[in-house]
Amino acid sequence: MNPEYRLFTGLGWVTPNCESPTAASLLACGERIVAVGPSAERIAQEVGAVEVQLTGRTALPGMIDAHVHLGEFGLSLLRNADLSGSGSVEEITERLRQHANARGEVAAGWILGTRFDQELLAERRFPTRQELDDVAPGRPVVIVRVCFHAAVGNTAALKMAGIWSDSGLVTEDDAAKLLSAVPPPGRDELEAALLLAAAEFRAKGFTAAHCLASSAEELAALRRLSLAGRMPIRVRVNIPYDLLPRLSEMGLATGVGDTRFSIGAVKLFADGSLGARTAALTSPYADEPANAGMLLHSRSELEQMVRRIHEAECQAAIHAIGDLALDRALDALEAAQAARPRPDARHRIEHASVARPDQIERMARLGVAACVQPQFVASDFWTAQRLGPHRIGWAYPFRSMVRAGVRLGGGTDCPVERPDPWAAFAAAIDRVQLAPEESLTLAEAIRLFTEGAAWLGFSEGVLGAITPGALADFVVLPPHTTWPPSSWHIIPEAAFVGAAAAS
Ligand SMILES: [Zn+2]
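Residues numbered from 1 in each chain as written. Predicted model: local features only at pLDDT ≥ 70, side-chain atom pairs only at ≥ 80, totals over all residues. Heavy atoms only, no water.

## As for the overall build of the protein
Tallying secondary structure elements over the protein gives 17 helices and 20 strands in all. A total of 503 residues make up the protein; the buried ones form 56% of that total. Considering only contacts in the protein between residues 6 or more positions apart, those separated by 24 or more positions represent 73%. Accessible surface for the protein amounts to roughly 20400 Å². Of this, 54% is attributable to carbon and sulfur atoms. Between the centroid of the 47 positive side chains of the protein and the centroid of its 59 negative side chains there is a distance of 3 Å. (Helix = DSSP H or I, 4+ residues; strand = E, 2+ residues; numbered from the N terminus. Buried < 20%, exposed > 50% of the residue type's maximum accessible area, 1.4 Å probe, protein only. Contact = heavy atoms within 4.5 Å. Areas by Shrake-Rupley, 256 points an atom, 1.4 Å probe, with all protein chains shown as cover. Lys, Arg positive; Asp, Glu negative; His and termini not counted. Charge placed at Lys NZ, Arg CZ, Asp CG, Glu CD.)

## Quick look at the packing of aromatic side chains
The geometry of an aromatic ring pair is captured by two quantities: the separation of the ring centres and the angle between the planes. On inspection of all chains with the given rule, the structure shows 14 aromatic pairs. Ring centres 5.7 Å apart and planes at 90 degrees place the aromatic pair Trp483 and Trp488 in the edge-to-face group. In this pair, the class of Trp483 matches that of Trp488, namely buried. One Lys or Arg, Arg431, reaches over the ring of Phe398 and ends 5.2 Å from the middle of that ring. (Phe/Tyr/Trp six-rings, centres within 6.5 Å; stacked < 30°, edge-to-face > 60°. Lys NZ or Arg CZ within 6 Å of the ring centre and 35° of its normal.)

## Focus on the pattern of salt bridges
One pass over the structure, following the stated rule, counts 31 salt bridges. Here Asp327 makes a salt bridge to Arg356, at a shortest N to O gap of 3.0 Å. In this pair, Asp327 sits in helix 11 (residues 323-339) while Arg356 sits in the loop between strand 16 (348-351) and helix 12 (357-366), placing the two residues 29 residues apart along the sequence. Of the two residues, Asp327 and Arg356, both sit in the buried class. As a salt-bridge pair, Arg356 and Asp358 come within 2.9 Å of each other at their nearest N and O atoms. Here Arg356 falls in the buried class, since its relative accessible area comes to 13%. (Salt bridge = Lys/Arg side-chain N within 4 Å of Asp/Glu carboxyl O.)

## Quick notes on the coordination of the zinc ion
Within the protein, the zinc ion binds to His67 (NE2), His69 (NE2) and Asp413 (OD); these donor distances fall in the range 2.1 Å. Classification of His69 as buried rests on a relative accessible area of 13%. (Donors = N, O, S within 2.8 Å, 3.2 Å for Na, K, Ca; no water.)

## A closer look at the nonpolar core
Membership of the largest hydrophobic core comes to 94 residues, with the highest contact counts inside it found for Leu70, Ile349 and Trp422. Looking at this core, the element that brings in the most residues is helix 11, giving seven residues. Domain assignment of the residues forming this core places at least three in each of domain 1 (2-62 + 467-496) and domain 3 (187-456). When residues no more than four places from it in sequence are discounted, the contact partners of Ile349 are Ile318, Ala320, Leu326, Ala329, Leu330, Leu333, Met363, Val368, Ala369, Ala370 and Cys371. Listed in part, the 18 residues of the second largest apolar core include Ala107, Val142, Ala157 and Ile163. (Core = buried A, V, L, I, M, F, W, Y, C linked by side-chain atoms within 4.5 Å. Domains from an automatic or database assignment.)

## Overview of the side chain of Asp65
Here Asp65 shows up in strand 6 (residues 63-68). Despite its burial, Asp65 pairs with no opposite charge; the closest candidate is Arg348, at 7.7 Å N-O. Polar side-chain contacts of Asp65 include one of 2.5 Å to the side chain of Thr412. Ignoring sequence-local partners within four residues, the contact set of Asp65 consists of Phe201, Phe206, Ala208, Ala209, His210, Gly410, Gly411, Thr412 and Asp413. (Polar contact = N/O pair within 3.5 Å; in protein donor to acceptor, adjacent residues only side chain to side chain.)

## Some thoughts on empty space enclosed by the protein
The rolling of a water-molecule-sized probe over the atoms marks out the regions of remaining empty space. According to the stated counting rule, one finds two cavities of 30 Å³ or more in the structure shown. In this structure, the largest cavity encloses a volume near 40 Å³. Contributing to the lining of the largest cavity are Ala66, His67, Val68, His210, Leu212, Asn238, Lys267, Ala317, Arg348 and Glu350. Going through the elements one at a time, strand 6, strand 12 (206-212) and strand 16 are the ones with two or more residues in the lining of the largest cavity. The greatest single-element share of the lining of the largest cavity, amounting to three residues, is contributed by strand 6. Partitioning the lining of the largest cavity into residue classes produces four nonpolar, three polar and three charged. Estimated volume of the second largest cavity: approximately 30 Å³. The wall of the second largest cavity is formed by Ala270, Leu295, His297, Ser298, Arg299, Leu302 and Arg328. Per-class residue counts for the lining of the second largest cavity are three nonpolar, two polar and two charged. (1 Å grid on protein atoms, 1.4 Å probe; cavity = no way out; pocket = protein on both sides within 12 Å on 5 of 7 lines; lining within 4 Å. Points joined across faces, edges and corners; volume = space filled by probe spheres on them. Nonpolar A, V, L, I, M, F, W, Y, C, P; charged D, E, K, R; others polar.)

Shown next, in the form of structure tokens:
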């Protein structure tokens, strides 16, 4: 026996190019795929491979999430008691106590909870400052409503934040002020958060992710954990624009790294969000006629920023949700390319949520890719009200983009959405409420999170594919899962990264 070689047998493969499961054995040597199909079995015999029997399972390439805030997600998992579905004030305080007992050391001793809805409580009111005081006398306690626009603090928390409310209830700016008093994580806590988040991704079938680092500390933590072999998934780290000078100083640019950790794009924001009506539109919101959203940079500012990224040999990732923001982003990218042509720069637009037909043509012509979030289609039920009937066809126009030849990759934008590729497939293929003609086929939806996301990360042929030479990253569904499945509530049996199952 030669343990370097592993032959996976009994699997039926689903790929973007093959929608119904096709039986084939897969032979891996170390982390890489050596052969697939009959030749895999022949070579396996010659080299004495170890057989891993996975009889009757459907398998797919490992999923790649091309837009994730891993640290933010991990900290929310680590630091917050989940209060969703609480039915009484007592249930909330009990969940907070349990959380404090289990994770007393996180958030510098602050006891935090999120996602409660006072409408679901038997009392039909917010918990009070005094009720939260009783959870853990002397320790700061804050709970945040499901919408994130309202919070309740106890006496200690309000004092430490330098604000006051008799009931403890604070909203909007005061809620933000209360939360900003919670100390940032130290090195150990940040590492624990990243590991927790990554484990969650892998459990859902993701084997790689493009993570936006929120700070240099997060970038360093991702690097340390990857180097030590502790990260359960491969990470490609997108860098916030304000870190670009430090990146360049160190001689780093897009593509530096290895298969476990690499530097991705440089991220900047052109506008806000549709939910908050801050995404920049060319004409006003249908449900707020005096408001057309807002651009975060002047035309010349944005052009200068994009040009710096482009000239630093980096890939740009521009957050643009409204069609005006998209116009400006495309102007800036076109100007940067004209000033200094760079082949295969693969600049990308994050979201491109509202895109007119002329903009889709322009993206295809300029070779600008898009990282799209199918789950938004299902979650953002208010999109039609925001845009009005004449623009509704411009919302998340996935099919038009595919038809025009725009390169697409998929992302969850977790923690905005759950890290769940199966939920993303469901949202992409079955757009009942929102421009159903823009639905994708299941094969196209799978491509978003495999080949498409791999291409956005310059990893085509290495990730997101089941072919010789690619990394042996794949996800195996439980036995007897039919395909397409009858329900998209899927929990994979295992996700293999470099031919290794999670330990
Ligand atoms: Zn995001």
